[in-house]
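Chain residues, written in single-letter form:
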Amino acid sequence: MEKNTNYLVGVFGDQDILVKAVKALRKKGVKIYEVFTPYPVHFLEDALGYKRSWMPRAAFGFGALGTTCAILLQSWIMGYEWPMIIGGKGFIAIPDFVPITFELTVLFSAFGMAGSFFVSQDLKPHKVPQIFDRRQSDDKHIMAIDLAKNSLSEDELKALLQEVGAEEVNNKSFTEREKKASFFDYVSDLFTKGVTDSARELKG
């Protein structure tokens, strides 16, 4: 038997109301699964209690790795493997290494951050998107609340969402089959029928 994952979906039309709603609900002990917005909303991360991103540390680490690799590579090539006298300079001329060192530092940092982001956010090429409301990428702000992770009843959560300014409160259910939808079925449906059940479209 498939186990359902049930959510309440609050629809907000104003970003200021959304941020205030997030703060108010968290103060009342409501656990918010996620908030989806069509554009970045200032202060939303703070309202949701997200910690500062670790991506700058990843950028520094990968950049340092690029710098180290560039210096070692050039030193090994010019000083041991294929030494050449260029313009009367020594075999290991550090000032001449600066351009390549800079380029590899930027290259390692950029690719390292991109790869880290994809892995940490589980953005696999074959991942099927989880869509709570199609308007989340258009003109509405969507707040999803996992009913299983909250002690309040569904009716109480609905009342709270309406109280903090939600324009609509809808139910959304994902079965285990939908959560593990086939990527090939999803792509096939996109080409043959548009966004369908494989893409977890909110209907109604």
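Residues numbered from 1 in each chain as written. Predicted model: local features only at pLDDT ≥ 70, side-chain atom pairs only at ≥ 80, totals over all residues. Heavy atoms only, no water.

By the naming in an unreviewed UniProt entry, the protein goes by DUF3341 domain-containing protein and is assigned to Flammeovirga aprica JL-4.

K.L.:
Go over the overall build of the protein, please, and point to the residues and values.
P.N.:
Each helix and strand counted, the protein has seven helices and four strands in total. Across the 204 residues of the protein, 33% fall into the buried class. Within the protein, contacts between residues at least 6 apart in sequence are counted, and of these 74% link residues at least 24 apart. Only carbon and sulfur atoms are counted for the fraction: they give 60% of the accessible area of the protein, which is about 13500 Å². (Helix = DSSP H or I, 4+ residues; strand = E, 2+ residues; numbered from the N terminus. Buried < 20%, exposed > 50% of the residue type's maximum accessible area, 1.4 Å probe, protein only. Contact = heavy atoms within 4.5 Å. Areas by Shrake-Rupley, 256 points an atom, 1.4 Å probe, with all protein chains shown as cover.)

K.L.:
Account for unusual backbone geometry, naming residues and giving values.
P.N.:
Positive phi, close to 75°, is recorded for Phe43, a residue that is not glycine. The topology assignment puts Phe43 in the loop between strand E2 (34-36) and helix H2 (44-48). Accessibility expressed as a relative area gives 59% for Phe43, which makes it exposed.

K.L.:
Could you give an account of helix H5 (residues 154-163), naming the residues involved and the relevant values?
P.N.:
Three- or four-residue spacings in an α-helix give side chains the same orientation, since the helix completes a turn every 3.6 residues. Three or more residues of H5 are buried, namely Leu157, Leu160 and Leu161. Taken down its axis, H5 places every buried residue within 100° of arc, on the same side. More than 90 degrees from the buried face of H5, the exposed residues found are Asp155, Gln162 and Glu163. Once H5 finishes, Gly165 follows within two positions and takes phi at roughly 110°, a positive value. (Arc of directions from axis to C-beta.)

K.L.:
Account for the sheet that holds E2, with residues named and values stated.
P.N.:
What the four strands build is an open sheet, ordered E2-E3-E1-E4; its pairing is antiparallel. Here the strands that pair on one side only, and so sit at the sheet edges, are E2 and strand E4 (168-174). In this sheet, neighbouring strand axes are inclined to one another by 25° on average, regardless of whether the strands run parallel or antiparallel. Alignment of E2 against strand E3 (residues 141-146), held across three bridges, turns out to be antiparallel. Looking at E3, one finds that Val35 is bridged to Met143. (Pairing = 2+ DSSP bridges. Axes fitted to C-alpha atoms, helices over the stretch in contact; angles between N-to-C directions.)

K.L.:
Tell me about the pattern of salt bridges, and please be specific about residues and values.
P.N.:
Inspection of every chain in the model, using the stated rule, returns five salt bridges. Two residues, Lys140 and Glu167, come together in a salt bridge whose shortest N-O distance is 2.9 Å. In this pair, Lys140 is assigned in the loop between helix H4 (94-120) and E3 and Glu167 in the loop between H5 and E4, connecting sequence segments 27 residues apart. (Salt bridge = Lys/Arg side-chain N within 4 Å of Asp/Glu carboxyl O.)

K.L.:
Tell me what's going on with the environment of Gly13, and back it up with residues and numbers.
P.N.:
Note on placement: Gly13 falls in the loop between strand E1 (5-12) and helix H1 (15-27). Judged by its relative accessible area of 38%, Gly13 falls in the partly exposed class. The spacing of Gly13 and Gly165 is 152 residues in sequence and 9.1 Å in space, taken between C-alpha atoms. Other than its neighbours up to four places away in sequence, Gly13 contacts Lys140, His141 and Glu167.

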